[in-house]
Amino acid sequence: MLDINLIREEPDLVREALRKRQLDPEPVDQVLELDDQRRNLIQQVEGLKAERNLVSKEIGKMKDQSERQAKIDQMRGVGERIDALDINLREVEDRLEALMSEMPNIPDPDVPLGIDESQNVIIKAVGKLPEYDFEPQPHWDLGPALGMINFEQGVNIAGSRFYVLSGAGARLQRALIAWMLDLHIRQGYIEKYTPFMVKSEVLYGAGQLPKFADNLYRDHKEDLWMVPTAEVPLTGLHMDEILDEAALPLHYTAYTPCFRREKMSAGRDVRGIKRGHQFDKVEMYKFCKAEDSPAEFEKMVADAEQVCAELGLTYRINQLCTGDLGFGAHITYDIEAWAPGVGEWLEVSSVSNVGDFQARRANIRYRLEEGGRTRFVHTINGSGLGLPRTLIAVMENYQQVDGSVIIPPVLRPWMGGIVQIHPEG
RNA sequence: GGGGAGGUGCCAGAGUGGUUGAUUGGGACCGCCUGCUAAGCGGUUAACGGGGCUAAAUCCUCGUUCGCGGGUUCGAAUCCCGCCCUCCCCGCCA
């Protein structure tokens, strides 16, 4: 959520931000109009309420019955006018809220201008593209051959876009999760295990609702929704709280499965485990003071990089341009790992500083030690990392000519000492 | 799922339809007092929204908020309805 004061005072800045995102700036004018109406109605209705409060107190003290009755009759009329104006005000506020809640965050001035993902900017690359003296296989061949992935079973029990991990495949994913969580703990994050279903207000707070309702799974009887990312429940942890300045920053990490309905376009990413309706992810999340968020953001990017580096992956950092920036993001870096089998860079992490955008929605503030007004915290989220793609990168990078896969050294303690996975039979 | 109790400020805990935004404790903070500490004395102690004064306000003023949402009333923490949550007992269960 943007600050209404910003729209009111610097509408051109907001219009420009929308244009940079390839969006129509017209809602700004509607917001200004509704904001004007809102304040106008507030002034009217609050004036009447002040009068009513005053006279009601007088009535309480009056002795003369006829005088008293006259005042009561007079106030009855005032009450009716207040009710009518309140209804009017509610309507205006609902419409304003609807518009505001669908307005995206302002891009950071440093975000490169661009119309779509083709204009994202590679800002760093680490490692060399590995060379093989054989044709590297994609994971959708390696996985089944090694007994690590079973696509048929997934489709049979849940439909297209689902798969089953088996044996060393399931264990390797679990090893990655456990190792990543432990790494993040060493990096200073506190591990959280959260509900995988949340109330709609939490999704609103994180910026998923109302705009992205179509991408979410929900219980058909209750107000419970499957989380599309751990970012959602983690944002909700401090909803409606006023934190002490001394408590910040808060660094959390959590493993959750993620559920996304997304209408997958036919013919794109249809093979393998790169994109599905359910996937696992280890997430990092920070609540911090406004002045600290740029540095905390950079640190989180470095924390995510460390995961790639310790796994021995070749990766690069891609800064999203204004046209590709997510709804709530102020600035975003994607980390992409090279997967030689599928021959593409896989987005294994996306780290965003959302500024106070989520904090405004979720009402998460902090109080300065010297007192004064409360302020909204800044929140930062990042994957550390997304599991299916990390699994792909590990399998495809560590494959051998005989179709086996070597386990990266850092994961071996979680693999029961297994060093290499060999084809079955 | 069934039965019972309850949700008030940072915490505990009062509250009669009418100067109750809310008694009183505790904590915290600011003064005073004190050789130091303790004690004592006085004071302060919410959030959000609108308007005003301003360079800007932690300044003035109005409004809203006693779990949430409705209703009754000139006026609701207080009465009525619905919902949510917590605690205790019973049942069921990994």
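To be clear, the structure that these remarks concern was listed above.
Computed from a predicted structure; not experimentally measured. (Residues numbered from 1 in each chain as written. Chains lettered and ligands numbered in written order. Predicted model: local features only at pLDDT ≥ 70, side-chain atom pairs only at ≥ 80, totals over all residues. Heavy atoms only, no water.)

**Some thoughts on the overall build of chain A**
Counting its secondary structure elements, chain A contains 12 helices and 17 strands. For chain A, the C-alpha atoms occupy an extent of roughly 100 × 45 × 45 Å along the three principal directions. A separation of at least 24 residues holds for 73% of the contacts in chain A among residues at least 6 apart in sequence. For chain A, the exposed area adds up to about 20400 Å²; of that, 49% sits on carbon and sulfur atoms. Taking the 49 positively charged and 68 negatively charged side chains of chain A as two groups, their mean positions are separated by 4 Å. (Helix = DSSP H or I, 4+ residues; strand = E, 2+ residues; numbered from the N terminus. Contact = heavy atoms within 4.5 Å. Areas by Shrake-Rupley, 256 points an atom, 1.4 Å probe, with all protein chains shown as cover. Lys, Arg positive; Asp, Glu negative; His and termini not counted. Charge placed at Lys NZ, Arg CZ, Asp CG, Glu CD.)

**A closer look at the protein's contact with RNA strand B**
As a structural note, the neighbourhood of RNA strand B is formed by 22 residues, with R68, R76, R90, R365 and T374 the closest of them. Looking at RNA strand B alone, sugar and phosphate atoms form 75% of those within 4 Å of the protein. Measuring from a sugar or linking oxygen of RNA strand B, one finds a backbone N or O atom of I72 at 3.4 Å. A distance of 2.3 Å separates a phosphate oxygen of RNA strand B from a polar atom in the side chain of R76. When residues in the surface near RNA strand B are grouped by element, the largest group, 12 residues, is from helix α3 (residues 26-61). A per-class count over the surface near RNA strand B returns five nonpolar, five polar and 12 charged. (Near = heavy atom within 4 Å. Polar contact = N/O pair within 3.5 Å; in protein donor to acceptor, adjacent residues only side chain to side chain. Nonpolar A, V, L, I, M, F, W, Y, C, P; charged D, E, K, R; others polar.)

**Here's the deal with the pairing of strand β8 (residues 250-259)**
The buried count for β8 comes to nine of 10 residues, which makes it a mostly enclosed element. Examined bridge by bridge, strand β4 (residues 190-192) and β8 share three bridges and lie parallel to one another. The residue bridging E191 from the neighbouring strand is T253, located in β8. Pairing analysis gives 10 bridges linking β8 to strand β9 (residues 278-288), with the strands arranged antiparallel. (Buried < 20%, exposed > 50% of the residue type's maximum accessible area, 1.4 Å probe, protein only. Pairing = 2+ DSSP bridges.)

**A word on the pattern of salt bridges**
The final tally for this structure, using the stated rule, is 19 salt bridges. A salt bridge links D12 to R15; the nearest nitrogen and oxygen atoms lie 2.7 Å apart. With D12 and R15 both in helix α2 (residues 11-20), this residue pair falls three residues apart, about one helical turn. Given the relative accessible area of 55%, D12 is considered exposed. E296 serves as the salt-bridge partner of K286, at 2.8 Å between the closest nitrogen and oxygen. (Salt bridge = Lys/Arg side-chain N within 4 Å of Asp/Glu carboxyl O.)

**A look at the nonpolar core**
In this structure, M148, I149, L172, M180 and L311 are the most contacted members of the largest nonpolar core, which totals 57 residues. Of all elements in the fold, only α7 (168-186), β9, α10 (293-310), β10 (315-319), β11 (331-339), β12 (344-353), β15 (378-386) and α12 (387-397) reach the threshold of two or more residues within this core. Broken down by element, the residue count for this core peaks at nine residues, all from α7. Ignoring any residue separated from it by four or fewer positions in sequence, one finds L172 in contact with M148, L391, V394, M395, I407, L411 and M415. (Core = buried A, V, L, I, M, F, W, Y, C linked by side-chain atoms within 4.5 Å.)

**Structural notes on the packing of aromatic side chains**
One pass over the structure, following the stated rule, counts eight aromatic pairs. Aromatic pair Y132 and F134: ring centres 5.4 Å apart, planes at 75 degrees, arrangement edge-to-face. For Y132, a relative accessible area of 23% corresponds to the partly exposed category. Site record: aromatic cluster; members linked through ring pairs are F212, F327 and F357. The lysine or arginine in question, R361, covers the ring of Y204, its NZ or CZ lying 4.7 Å from the ring centre. (Phe/Tyr/Trp six-rings, centres within 6.5 Å; stacked < 30°, edge-to-face > 60°. Lys NZ or Arg CZ within 6 Å of the ring centre and 35° of its normal.)

**Brief notes about the layout of surface pockets**
Its volume calculated, the second largest pocket comes out at about 340 Å³. Lining the second largest pocket are 14 residues, and of these M1, L2, I4, E97 and M100 sit closest to its centre. Going through the elements one at a time, α3, α4 (65-101) and α11 (357-362) are the ones with two or more residues in the lining of the second largest pocket. Among the elements that line the lining of the second largest pocket, the one with the most residues is α4, at four residues. Looking at the lining of the second largest pocket residue by residue, the class counts come to seven nonpolar, no polar and seven charged. Shared between two domains, the lining of the second largest pocket takes at least three residues from each, and those domains are domain 1 (4-101) and domain 2 (117-421). (1 Å grid on protein atoms, 1.4 Å probe; cavity = no way out; pocket = protein on both sides within 12 Å on 5 of 7 lines; lining within 4 Å. Points joined across faces, edges and corners; volume = space filled by probe spheres on them. Domains from an automatic or database assignment.)

**Comments concerning the sheet that holds β12**
Here eight strands make up an open sheet; going across it, the order is β1-β10-β11-β12-β15-β9-β8-β4 and the pairing mixed. Edge positions in the open sheet fall to β1 (121-126) and β4, since each of these has one partner strand only. In this sheet, neighbouring strand axes are inclined to one another by 25 degrees on average, regardless of whether the strands run parallel or antiparallel. Seen against the sheet, α10 touches β1, β8, β9, β10, β11, β12 and β15 and runs at an angle of roughly 5 degrees to β15. (Axes fitted to C-alpha atoms, helices over the stretch in contact; angles between N-to-C directions.)

So yeah, pure geometry; function would need other evidence.
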